[in-house]
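# Descriptive analysis of the structure
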Amino acid sequence: MSAESTGASYASAGVDIEAGDRAVDLMKKWVAKATRPEVVGGLGGFAGLFDASALKRYERPLLASATDGVGTKVDIARKMGVYDTIGHDLVAMVVDDLVVCGAEPLFMTDYICVGKVHPERVAAIVKGIAEGCVLAGCALVGGETAEHPGLLGEDEFDVAGAGTGVVEADRVLGADRIRTGDAVIAMASSGLHSNGYSLVRHVLFDRAGLSLDQEVPELGRTLGEELLEPTKIYSLDCLALARTCDVHAFSHITGGGLANNLARVIPDGLHATVDRTTWAPGAIFDLVGRAGSVERLELEKTLNMGVGMIAVVPQESVDVALTTLADRGVDAWVAGEIVERGAHAEAVTLTGDYAG
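Scope of this entry: the structure provided in the associated data block.

This next bit is on the overall build of the protein chain. When its secondary structure is counted, the protein chain shows 12 helices and 14 strands. Taken against the 2.2 N^0.38 rule, which gives 21 Å for 356 residues, the C-alpha radius of gyration of the protein chain at 22 Å falls within 12% of a compact globule. Partitioning the intrachain contacts of the protein chain with sequence separation of at least 6 by distance along the chain shows that 85% fall at a separation of at least 24. Looking at the protein chain as shown, the accessible area adds up to about 16,200 Å², and 51% of this sits on carbon and sulfur atoms. Of the charged side chains in the protein chain, 29 are positive and 51 negative; the average position of the first set lies 2 Å away from that of the second.

Structure (structure tokens):
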């Protein structure tokens, strides 16, 4: 045999460079939409450039960074063949962690790992990421698409991202600002967001035997459509809230549920009481609980139960806060308050039964 017929190549190992190049060409128009005036250059460089002179307006700018993925929700997207929403989830998981300290998200980078590059599929994922960045007010300055044949199946993929934001040092939000009597304002989630899908998939598919294309009356759509509902992006809403009233802290309700995430911003000596009777979780939460006979405590420490973000504000700011959020189309309500913590008490207590 000739050397030409027996020699190995990158393509014979399963990596298609030409497909990768086509994916980049397809995604360019979407990345171009996710920009800010401070972005220098365009797609294709080895690194994304951001003009840091924009930070001169800060007295003492602190950079905030966060990184995350979307977990096993990607498996739902793969099975549904819908790839242009999962990017919203990725952006939300990153930028809404940044905004918790009061930071304005500036830019993101993404990492997409696939078993085989399908250019249109990769471009659809990037489209969703770019659209999410627009909703978050940040730029998508670069990323990486990696093809891993042999490690992932041809239709398998995963996504991750990292973001950077900035906040004035004396405007950093957190536990040290919280005081007795503060109100706990809850902001509604858009559904499951991007947490707890290992439990959700196990319960709904393995135990209950449901299918993605199954119409579920209480959901008003198919199960797959419900499970792919994008994570709500709160960053611009939170920043607007911080501009219009005195915000002491935010808490992004992700893995671990409401109590565990809110506890991360409650200082020693204080205690947050949250009243479940102030809201009714969406139908998907009840479905998961019933389908798997999942106890309420297990649901609450895994899923957001209808609350995606918390703001802690002084009582005198409550009316302005609720008006601001309502004007921005955010469903929000007073769900609790901050009180003195008793001996041996937990940082957060949920009381009552859910409304409805």
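If you walk through the whole model with that rule in mind, you get 18 salt bridges. Across the pair lysine 79 and aspartate 75 runs a salt bridge, and its minimum N-O distance is 3.1 Å. Residue lysine 79 and its partner aspartate 75 are located together in helix H3 (residues 73-80), separated by four residues, close to a single helical turn. Aspartate 75 sits in the buried class, given a relative accessible area of 14%. Between arginine 328 and aspartate 237 there is a salt bridge whose closest N-O contact spans 2.7 Å. A residue pair is termed long-range when its members are at least 10 positions apart, and arginine 328 in the loop between helix H12 (318-327) and strand S13 (332-340) and aspartate 237 in helix H8 (residues 235-244) qualify at 91 residues. Arginine 328 sits in the partly exposed class, given a relative accessible area of 38%. Connected through shared salt-bridge partners, Arg36, Glu38, Arg57 and Glu104 make up one network.

Turning our eyes to something else, we now look at the sheet that holds strand S7 (residues 183-188). The mixed open sheet is built from six strands, whose spatial order is S10-S12-S7-S13-S11-S14. For this open sheet the edge positions go to strand S10 (249-252) and strand S14 (348-351), each flanked by a neighbour on one side alone. Ignoring which end each strand starts from, the neighbouring axes of this sheet average 25 degrees apart. With four bridges joining them, S10 and strand S12 (residues 307-313) adopt antiparallel strand pairing. Residue pairing for S12: alanine 249 is matched across the bridge by valine 312.

We now examine the sheet that holds strand S6 (residues 157-168). Pairing within the open sheet is mixed, and its four strands lie in the order S3-S6-S4-S5. Each end of this open sheet is capped by a strand with a single partner; those strands are strand S3 (61-69) and strand S5 (139-147). Neighbouring strand axes in the sheet, compared pairwise and without regard to direction, differ in orientation by 15 degrees on average. Inspection of the sheet shows strand S4 (residues 104-114) paired to S6 by 10 bridges, in the antiparallel sense. Of the residues in S6, the one forming a bridge with isoleucine 112 is valine 159.

Let's shift gears to the state of the cysteines. In this structure the tally under the stated criterion is zero disulfides. Not engaged in a disulfide, the cysteine cysteine 101 finds its nearest cysteine sulfur in cysteine 238; these two sulfurs lie 11 Å apart. Cysteine 133 supplies the cysteine sulfur nearest to cysteine 113, a cysteine that is in no disulfide, at a spacing of 20 Å. When its relative accessible area of 9% is taken as the criterion, cysteine 113 is described as buried.

So, about unusual backbone geometry. Its identity as a non-glycine residue notwithstanding, serine 293 has a phi of 50 degrees, on the positive side. Of note, serine 293 is situated in the loop between helix H10 (283-292) and helix H11 (296-300). Within the chain, methionine 305 stands out as a residue other than glycine whose phi angle is a positive 55 degrees. Topologically, methionine 305 is positioned in the loop between H11 and S12.

It is worth spelling out the nonpolar core at this point. Ranked by size, the top nonpolar core spans 78 residues in total, and within it Leu204, Leu227, Leu262 and Ile284 carry the most contacts. It is helix H5 (residues 119-136) that contributes the most residues to this core, eight residues altogether. Not counting residues within four places of it along the chain, the set of residues in contact with leucine 262 comprises Val184, Ser251, Ile253, Ala272, Val274, Ile310, Val312 and Val348. The next biggest cluster of nonpolar side chains, apart from the first, holds 20 residues, and it includes Val99, Leu239, Cys245 and Val247.

To continue, consider the packing of aromatic side chains. Aromatic rings in a pair are described by how distant their centres are and how their planes are angled relative to each other. This model, assessed by the stated rule, comprises four aromatic pairs. The interplanar angle of 45 degrees and the centroid separation of 5.0 Å between the aromatic rings of phenylalanine 50 and phenylalanine 107 together place this pair among those described as tilted. Highlighted residues: phenylalanine 50 in strand S2 (residues 49-50) and phenylalanine 107 in strand S4, separated in sequence by 57 residues. When its relative accessible area of 18% is taken as the criterion, phenylalanine 50 is described as buried.

Put simply, helix H6 (residues 197-207) and H10 touch, their axes get as near as 9 Å, and they point 55 degrees apart. One finds that H6 runs oblique with respect to H10. Regarding H6 and H10, the two cross each other, and that crossing is left-handed. Residues Val200, Val203, Leu204 and Arg207 of H6 touch H10, and the partners they reach there are Ile284, Leu287, Val288, Ala291 and Gly292. Class assignment of the residues belonging to the contact of H6 with H10 gives a composition of seven nonpolar, one polar and one charged.

Procedures and definitions
Residues numbered from 1 in each chain as written. Predicted model: local features only at pLDDT ≥ 70, side-chain atom pairs only at ≥ 80, totals over all residues. Heavy atoms only, no water. Helix = DSSP H or I, 4+ residues; strand = E, 2+ residues; numbered from the N terminus. Rg over C-alpha atoms; globule rule 2.2 N^0.38 Å. Contact = heavy atoms within 4.5 Å. Areas by Shrake-Rupley, 256 points an atom, 1.4 Å probe, with all protein chains shown as cover. Lys, Arg positive; Asp, Glu negative; His and termini not counted. Charge placed at Lys NZ, Arg CZ, Asp CG, Glu CD. Salt bridge = Lys/Arg side-chain N within 4 Å of Asp/Glu carboxyl O. Buried < 20%, exposed > 50% of the residue type's maximum accessible area, 1.4 Å probe, protein only. Pairing = 2+ DSSP bridges. Axes fitted to C-alpha atoms, helices over the stretch in contact; angles between N-to-C directions. Disulfide = S-S within 2.5 Å. Core = buried A, V, L, I, M, F, W, Y, C linked by side-chain atoms within 4.5 Å. Phe/Tyr/Trp six-rings, centres within 6.5 Å; stacked < 30°, edge-to-face > 60°. Parallel < 35°, antiparallel > 145°, perpendicular 65-115°, else oblique. Left-handed = near helix turned anticlockwise from the far one by under 90°. Nonpolar A, V, L, I, M, F, W, Y, C, P; charged D, E, K, R; others polar.

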